[in-house]
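# Residue-level structure breakdown
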2 protein chains.
Amino acid sequence: MVKKVGVAILGLGVVGGGTYQTLVEHHDFYLKTQQVDISVEKVLDLNLERLKALGVPQECIAKNIEEVLADPNVDIVVETIGGIGVAKTFVTAALRAAKTVVTSNKELICKFSHELEKIAKHNHCGLYYEASCVGGVPIIRTLLDGVQANHIQSMMGIVNGTTNYILTKMTYEGADYAEVLKEAQKLGYAEANPTADVDGYDSMYKLSILSSMAFHTKIPYTKIFREGISTVNVKDIAYGREFGYTLKLLAIGKNSDKGIEVRVHPTFIPTNHPLASVNDSFNAVYMTGDAVDDVMLYGRGAGALPTASAVVSDVIYAATHSDIKYSTFKNNATAESNVKFVSDFASAYYIRLAVEDKAGVLAKVTGIFGKCGISIVQITQKNAESAEDERVPLVVITHKTTENAAKNAVSKINASGIGSVEAVIRVEQ
Amino acid sequence: MVKKVGVAILGLGVVGGGTYQTLVEHHDFYLKTQQVDISVEKVLDLNLERLKALGVPQECIAKNIEEVLADPNVDIVVETIGGIGVAKTFVTAALRAAKTVVTSNKELICKFSHELEKIAKHNHCGLYYEASCVGGVPIIRTLLDGVQANHIQSMMGIVNGTTNYILTKMTYEGADYAEVLKEAQKLGYAEANPTADVDGYDSMYKLSILSSMAFHTKIPYTKIFREGISTVNVKDIAYGREFGYTLKLLAIGKNSDKGIEVRVHPTFIPTNHPLASVNDSFNAVYMTGDAVDDVMLYGRGAGALPTASAVVSDVIYAATHSDIKYSTFKNNATAESNVKFVSDFASAYYIRLAVEDKAGVLAKVTGIFGKCGISIVQITQKNAESAEDERVPLVVITHKTTENAAKNAVSKINASGIGSVEAVIRVEQ
């Protein structure tokens with residue numbers, strides 16, 4: 001019993017092009033293995049050269065969104081435009097026309113999933129977005145259908161390939177941030193304007209989507225603490241390695257009796273932690289559930305074909321499941337307005353100071369930490385970086401304390417005259 | 001709209017007990033997050049003490065399977081007995097009574113899934129078995145609904161916790177196989193009769209199930225090449241490390257134009273491969289698809305609660321999806337009798353010889369490899385292991401060749417009088 005399904009693709013860029021290619025090349029494979037006959041009925045893109053290069057037949061090229069949505073053969077609309085301008089307009093119109101939507105658009109889903117899911121529900125169609133997070137890695141399907149028996153207690157993810165590439169280079173080649181960024185831009189791994197990646201916005205959008213699923217409530221991105229990697233000093237990566245830590249930009253979500261905490265920031269993790277060996281542009285999400293314990297999913301977080309894999313897997317899921325609305329409403333139904341968020345979260349800290357190399361300094365530094373209620377795991381003085389430098393680096397690793405206590409200690413040290421705080425990096429175990 | 005679902009559990013051992021506990025303790029959580037009201041209606045186990053310890057109410061304790069299957073409130077039957085005796089009889093009867101079955105039984109599914117799926121299909125009920133492979137890691141859900149857009153080209157899995165625990169100890173503590181096995185038995189990580197684990201049967205059953213899903217055809221376990229870890233010498237693990245390799249018992253499936261190859265054996269993989277750092281009783285499956293590229297799932301492959309996580313996730317899936325037959329028939333529909341299997345598979349090899357330490361031996365050894373059409377990547381003589389020993393170890397790493405060519409070289413060396421082959425270990429990149 002073969003099911004016939006017509007697809008339209010809006011935006012034939014990297015991901016949309018990969019999706020087109022995957023659907024066309026695998027047509028017979030899906031017919032055989034999934035009993036579904038998927039045809040690309042319409043594509044919409046302003047760049048006609050691109051459509052030609054992809055070999056899109058003339059009769060599939062739509063002139064405008066109206067033509068796509070008026071086509072009765074189009075059951076599923078794939079949105080791979082990105083952003084929240086025209087993409088939002090088109091997705092809204094598609095759902096209103098009762099077309100199921102599959103999208104790779106993290107910003108759209110992060111900011112407007114609730115609004116869009118309501119429209120989808122009203123029109124009895126589905127909204128799928130596996131491709132919005134961590135490329136081809138089926139993290140959303142896993143949260144929905146693989147570990148749904150669990151209270152997810154925590155998730156830590158490397159969910160941005162650009163920053164992981166940069167940090168990997170800084171870690172293993174000792175190169176400076178600015179230098180590596182320039183190289184990444186040359187290779188096309190980083191955008192000309194790298195802000196969305198390096199300042200953690202991309203990770204923040206993804207964390208909002210993933211933690212909403214994991215914790216069964218809407219986590220607005222505005223609740224996410226965010227710090228990027230642009231101020232990371234390669235020196236701290238090297239010192240961290242000496243203490244057995246590797247630096248990663250982590251998207252962290254935790255759910256406990258105290259509430260939900262969500263944050264994106266450069267984080268030291270033990271070098272033998274599975275996330276520490278996720279290198280280059282690879283991504284991974286490490287979760288802990290109350291039954292399953294630790295689970296990690298690892299793979300390519302970006303790229304034309306890996307992301308197309310997620311888009312097409314959603315298309316097949318939508319086409320082969322009669323309960324097409326499944327992924328759409330589950331979270332919505334349990335969204336709560338009275339979610340408690342932890343603002344003053346607990347963490348261990350790596351703090352690097354520059355202090356004068358003289359007697360009594362160590363006592364003063366440890367004294368300040370003590371007064372702030374912070375206990376120290378380790379304190380190590382490093383060699384001065386140059387002969388002219390009268391100050392030496394002093395690296396402090398603390399036990400678990402709170403963000404506010406750490407901030408307090410930092411401002412007290414800076415005000416004390418004994419030295420200045422040069423770096424503060426959170427540490428997870 | 002809450003759906004009411006009644007569950008019966010057959011066999012309240014480790015996994016069955018964990019399942020009971022998880023379902024009871026999470027009742028309200030599933031009601032809230034999944035809109036499903038799951039009640040345990042019946043349990044069946046001969047050990048009444050065990051049932052008492054788990055706090056099973058008297059009215060839920062069934063006297064026999066007939067009582068379970070006659071209960072109209074039982075929609076889903078969980079089978080956690082194991083083996084292919086009474087478990088097969090009960091599962092068959094449950095499916096005939098039109099109850100959906102969720103099982104953790106790898107041997108049953110490996111050997112009889114086709115027969116059982118036919119019965120399920122005929123009775124319009126489902127057969128789910130996520131818990132049969134890799135404990136709580138949602139590998140089956142991922143193959144069915146997460147990466148189904150891909151031709152899966154290869155999978156390599158560490159799918160048995162006992163052997164991975166033993167090999168990890170041998171690798172990092174340099175302990176002998178026999179010694180570690182004894183310790184593992186004392187700790188309850190290995191059975192008194194360890195054959196199923198150490199000789200690779202457990203991995204073989206799981207590979208049969210997983211490769212059947214990945215390659216969309218039934219892979220009988222009889223087609224799987226199998227070699228266990230009981231003859232692994234700790235010396236070879238140490239030598240392998242020097243060459244940059246780590247030893248793991250891998251379940252390997254490959255699908256190419258040449259056909260399907262499936263094998264379980266101790267395997268050297270590069271120490272920087274993600275699978276190499278999967279240690280102790282953790283499991284992982286590393287797959288490559290034509291769109292998604294490399295993907296790895298990592299987690300606990302055994303244990304009461306991790307396996308219960310998979311059982312209960314299947315129960316929820318069955319309860320919340322109207323297309324309950326989904327996981328049941330997909331493979332069946334595409335099973336083919338004309339599958340081509342590769343018998344003489346290609347691999348690189350690590351071969352350790354014991355040879356006399358005299359001039360000309362190296363030339364003779366390399367000569368034999370050359371005559372067998374095998375090119376050598378590296379050949380290294382190690383120090384004699386004791387002063388009395390007149391022979392020295394010679395380690396050869398070959399380029400990719402075939403199993404038959406390697407066997408041929410081994411027998412030629414053994415017949416040559418220049419030394420004997422002491423170890424042959426396959427190498428994957």
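Everything here concerns the structure above.
Keep in mind that this is a model prediction, so the values were computed, not measured.

All names here are of chain B. Spanning 14 residues, helix 16 (residues 403-416) covers 20 Å between terminal C-alpha atoms, matching the ideal 20 Å at 1.5 Å per step. Glu-403, Ala-405, Ala-406, Ala-409, Val-410 and Ile-413 are the residues of helix 16 that are buried. Looking straight down helix 16, one finds its buried side chains confined to an arc of 165°; they lie on one side. Turning to helix 16, the residues buried within the fold contact strand 7 (225-226), strand 12 (346-356), helix 15 (361-371), strand 15 (401-402) and strand 16 (419-427). Just downstream of helix 16 lies Gly-417, where phi reads positive at about 85°.

With that out of the way, let us pick up the environment of Thr-80 of chain A. Residue and element names in this part refer to chain A. Within the secondary structure, Thr-80 sits in the loop between strand 3 (76-79) and helix 5 (86-96). Through-space distance from the C-alpha of Thr-80 to that of Ala-196 is 18 Å; in sequence the pair is 116 residues apart. When residues no more than four places from it in sequence are discounted, the contact partners of Thr-80 are Ile-9, Leu-10, Gly-11, Val-15, Gly-16 and Ser-104. Here the side chain of Thr-80 touches Gly-11 through a polar contact of 2.7 Å, landing on its backbone oxygen.

On to the packing of aromatic side chains, then. Residue and element names in this part refer to chain A. Scanning all chains against the criterion turns up 16 aromatic pairs over all chains. Consider the rings of Tyr-245 and Phe-268, whose centres lie 6.0 Å apart with planes at 40°: the pair is tilted. Of the two residues, Tyr-245 is situated in strand 8 (residues 245-256) and Phe-268 in strand 9 (residues 259-270); the sequence distance between them amounts to 23 residues. Comparing Tyr-245 with Phe-268 shows no difference in burial state: the two are buried.

When chain A is fitted to chain B, the best match, at an RMSD of 0.0 Å, comes from turning it 180° and sliding it 0.0 Å along the axis. The superposition of one copy onto the other is thereby described by a two-fold rotation axis. Considering only C-alpha atoms, the part of chain A nearest the rotation axis is Leu-297 of chain A, at 2.4 Å. Take the interface residues of chain A: 100% of them recur as interface residues in chain B, which is what a same-surface contact looks like.

Residue and element names in this part refer to chain B. Taken in spatial order, the five strands of this open sheet run 2-1-3-4-5, and their pairing is parallel. Edge strands, defined here as strands with exactly one partner in the open sheet, are strand 2 (36-44) and strand 5 (127-128). Bridge count between strand 1 (residues 3-10) and strand 2: eight bridges; the pairing is parallel. Bridge pairing in strand 2 links Leu-10 to Leu-44.

It is worth spelling out the sheet that holds strand 4 (residues 100-103) of chain A at this point. All names here are of chain A. The five strands lie next to each other as 2-1-3-4-5, forming an open sheet whose pairing is parallel. Two strands close off the open sheet at either side, each with one partner strand: strand 2 (36-44) and strand 5 (127-128). Where strand 3 meets strand 4, four bridges bridge the pair, whose relative direction is parallel. The residue of strand 4 that forms the bridge with Val-78 is Val-102.

Calculation criteria
- Residues numbered from 1 in each chain as written.
- Chains lettered and ligands numbered in written order.
- Predicted model: local features only at pLDDT ≥ 70, side-chain atom pairs only at ≥ 80, totals over all residues.
- Heavy atoms only, no water.
- Helix = DSSP H or I, 4+ residues; strand = E, 2+ residues; numbered from the N terminus.
- Expected span 1.5 Å × (residues − 1).
- Buried < 20%, exposed > 50% of the residue type's maximum accessible area, 1.4 Å probe, protein only.
- Arc of directions from axis to C-beta.
- Contact = heavy atoms within 4.5 Å.
- Polar contact = N/O pair within 3.5 Å; in protein donor to acceptor, adjacent residues only side chain to side chain.
- Phe/Tyr/Trp six-rings, centres within 6.5 Å; stacked < 30°, edge-to-face > 60°.
- Least-squares fit on C-alpha atoms with pLDDT ≥ 70 in both.
- Pairing = 2+ DSSP bridges.

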